[in-house]
Amino acid sequence: MRREFVGLLIAVLMGAGCLRAQLVVPNQSEPPVALPVGLPVLPDAVQARMDRDLMEIDIPRLQALYARHVYTVEQVTRWYLGRIAKYNGIYRDVQTVDVKGALETARLEDAGGGEQHGAMWGVPIVIKANTAVKGLIDTDGWAGFAISGHEFIAERDATVVAKLRAAGAVILGITNMPDFAIADTTRSTAFGRTGNAYDVRFSPGGSSGGTVTAVTSNEAMVGTGSDTACSITMPAGTSSVVGVLPTRGLTSIAGIAPLDWLRDNTGPVARNVTDAAIALGVMAGEDPLDFRTKRSAAKEAGPYTQYLKKDALKGKRFGVPAFMLETEEDKLQPETRAMLMKAVEQMRAAGAVVVIDEKLLPLSFYDAIHKIVSRLYLKDGADQWISEFGPKEYKSGEAYTRATGVAWPTVFTGERRPGGVADDAPQVQAVLAKDPDAEKNFFGPQREALAEYEAALDAFHLDGLIYPSAQMPSPNETMPQNGGLSTGPESHTGWVNRIGVPAVVVPGGFYPDGLPFGLEISARPWRDGELLGWAYGYEQATKNRRAPVLVEKGLLPIGR
C-alpha cells in the first residue's frame, strides 16, 4: 500500500460510515500488520476430500463427525487454516492467525476423550479485531495499536471470548475491521482492505466486514461481530450470512474497544441460524463489568435452539416500518425495494402476515430516537475499557501517548462525537454513574423511544418488523461512486442499537448481479429466542444462502 493510498484511506474513513470520527494514525507507508504467511496447508488430495464433508457444515453435523471419529478437532482446524492460507491473500479478511494456539487447543480437545464437551466443542471461530483475545494483537483496525513494541495485546480475554473458549471453541485468529469500527466498509490502516467474498471488488460492508467474509468463505464456522449502528447486521446482509444483534444486555461488551458504549453490542455471525443460536447461547450471560447485563438471565434464557422450528412463522405478524422505506437522508434504492418485496412474499408463503402501512413508524420516529443522548459519555466508556483491558504499558489514554508519542484518538476522549458534522463540536464529558442528568440525557429518552416502538407493534398487532439490512446493494470499490471512493453500502438500521432491541439478518436472496441481499427482522426486547425462531423458519422455507465461488488471484470478471 503506497503512502498516497494510506492518506486517501484515512480521508475516506474520516468521512464514511454509520458513525464518523477524527482519526489519528502514526506516519506509515505500509500497513503495520503483515499478511499472515507460512500457515499449515494440507495435501491437495486431503483438502479436497475434507472439502466434501466440511464445506457449509453446521455445528451439530461437525460434532457428529467428531463423535464418530471421522475427523479429529486438529484435522478440522488444519482444514480451516488451509482455507485461510489459500484465500486470505486475496480477500484480506483475517488479520492475525494464531496457528500455535489453535492447534494446541485442538490437541487438548482431542485428548479429552469421553469427557463432557461444551456447546462449541471443536468449532473453529474468528474474533473481530476490537475484541480482546489474550496474547493476540487486537488493533481495533487502527495502525496506532500496531506500533512495533507498543502493540495492543490484552492480558485477558473479553468476556464473550472467555465464554466461547470455555465452551470448546478453537480460536483461529483475528478478523480485519475499519479503524475504530467507524465505517460502512472495511478499510483499515492496520491491515488494508477486505473484499466481499462474492466479488472481491465489492464491499463486504462494515465494520464487521472481516468476520463476515471469513465466515461466508468457510474460513471459519462462526465469528464475532460488534455493532454500534449496523456493524453486524449490514455486513451480514452483504455476505449471505446470519448476523445476530442481541437485546442490549444479553451479551457483555466488556473487553471490546468502544465506539459508543451505550449503543455498542456484540453477537455471533454464522452461515446458518442453528450455529448462530448455539453461539449466542454461549456468549450470553451476566457480567459485573457490563451493568446492562444485570439480571439478564431472568429475562431471557437459552438454549436458543429450542425455538428453531420450521413452522415458526405460521400465524405471526410482521410490519415494514415506513421510515425504512424512505429516510430523510437516503431513499431505499429501487433494486433493494424489489428484493424486499420478494422477501415479503417469501414470508407470506411461509405462513406469516406482513403489513405495509405508511402510518407504521413514519419518519417522525427518528425524532424520538435522536433525543437519546449518549455522546456525553464516550470518554467514560473508553476509560473503563482501557483501564480493564489495556496492555500493561498503557492503562489510560495519557499513558498511551507517553509510551508511543501518538495522540490518543478523539473517538475515545469524546472531544468529537462520532455521528456527523452537526455533532462535531467538542462535548463536555460526564461519568454516567455519577451524572445527575443521566436520566434526562439517556435513560428517559431511550425508554420513551422504546415505548413508541412497542406501541406501534401493539397498534398493528405485530410480532416484529422486517426491512432490508442496507438501503442499497454493495458497491464496487474499484470504481468511483458519486464522484468519489465508495464508503460502503448505506444502512439506516442503527436505530435498533439506540433503543436496545434485538435484530437478526438472514440471507434474503441475491440481486441480479449475484451479490447477496440481507433481510433484517427485529423484535421486542428480550424476545431473542423467538426472533431466532422466525429467522430459522424463513431460512428453512427459502434456502436462500448460496456459498461464494472464491478466487485465488486477481479479480472476478464482470460477467460471471
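Residues numbered from 1 in each chain as written. Predicted model: local features only at pLDDT ≥ 70, side-chain atom pairs only at ≥ 80, totals over all residues. Heavy atoms only, no water.

Student: It is not clear to me how the packing of helix 4 (residues 73-91) against helix 5 (residues 99-111) should be interpreted in this structure. Could you clarify?
Tutor: Close contact between helix 4 and helix 5 brings their axes to 8 Å; oriented N to C, the two are set at 155 degrees. The angle between helix 4 and helix 5 falls in the class roughly antiparallel. Contact residues: helix 4 offers V73, E74, T77, R78 and L81, while helix 5 offers V99, A102, L103, A106, R107, E109 and D110. Split into classes, the residues belonging to the contact of helix 4 with helix 5 amount to six nonpolar, one polar and five charged. (Axes fitted to C-alpha atoms, helices over the stretch in contact; angles between N-to-C directions. Helix = DSSP H or I, 4+ residues; strand = E, 2+ residues; numbered from the N terminus. Parallel < 35°, antiparallel > 145°, perpendicular 65-115°, else oblique. Contact = heavy atoms within 4.5 Å. Nonpolar A, V, L, I, M, F, W, Y, C, P; charged D, E, K, R; others polar.)

Student: Explain helix 5 to me, please; I cannot follow it from the model alone.
Tutor: Side chains three or four residues apart in an α-helix point the same way, a direct result of the helix having 3.6 residues per turn. Helix length check: helix 5 (13 residues) gives 18 Å between terminal C-alpha atoms against 18 Å at 1.5 Å per residue, within 8%. Within the sequence span of helix 5, burial applies to G101, A102, L103, A106 and E109. Looking at the buried side of helix 5, the elements it contacts are helix 4 and strand 3 (170-175). (Expected span 1.5 Å × (residues − 1). Buried < 20%, exposed > 50% of the residue type's maximum accessible area, 1.4 Å probe, protein only.)

Student: What exactly am I supposed to notice about the sheet that holds strand 6 (residues 222-227) here?
Tutor: Backbone hydrogen bonds hold the strands of a sheet together, and the pairing may be parallel or antiparallel. On the basis of which strands lie adjacent, the open sheet formed by eleven strands has the order 1-3-2-6-8-7-12-13-11-9-10 and mixed pairing. Whereas interior strands pair on both sides, the edge strands pair on one side only; in this sheet they are strand 1 (94-97) and strand 10 (353-356). On average, adjacent strands in this sheet sit at an angle of 30 degrees to one another, irrespective of strand direction. Where strand 1 and strand 3 come together, three bridges link them in antiparallel fashion. For V94, the partnering residue across the bridge sits in strand 3 and is T175. With respect to the sheet, helix 9 (residues 273-283) is in contact with strand 6, strand 7 (242-245), strand 8 (265-270) and strand 12 (503-510), its orientation differing from that of strand 8 by roughly 145 degrees. (Pairing = 2+ DSSP bridges.)

Student: Can you help me understand the pairing of strand 12 in this one?
Tutor: Note on strand geometry: in a regular strand, side chains alternate between the two faces of the sheet. With eight of its eight residues buried, strand 12 lies for the most part within the structure. In this sheet, strand 12 lies alongside strand 7 in antiparallel orientation, the contact comprising three bridges. Following the sheet pairing, V244 is matched in strand 12 by V504. Taken together, the six bridges between strand 12 and strand 13 (residues 516-523) define a ladder with antiparallel strand orientation. Note that in strand 13 the partner of F510 across the bridge is P516. Following strand 12, the chain reverses through five residues before pairing antiparallel with strand 13; G514 in that reversal takes a positive phi of roughly 95 degrees.

Student: How should the pattern of salt bridges be read in this particular structure?
Tutor: Two side chains that carry opposite charge are able to pair once their charged atoms sit near each other. Tallied over the entire structure, the rule returns 18 salt bridges. Put simply, E56 and R271 hold a salt bridge, and the shortest N to O gap is 3.7 Å. Here the residue E56 occupies a position in the loop between helix 2 (44-54) and helix 3 (59-67), and R271 occupies one in the loop between strand 8 and helix 9, the gap between them amounting to 215 residues. Looking at E56, the relative accessible area reads 25%, which means it is partly exposed. A salt bridge links D199 to R201, with the nearest nitrogen and oxygen atoms 2.7 Å apart. There is no split in this pair, since D199 and R201 are both buried. Salt bridges sharing partners connect three or more residues here, namely E56, R271 and R545. (Salt bridge = Lys/Arg side-chain N within 4 Å of Asp/Glu carboxyl O.)

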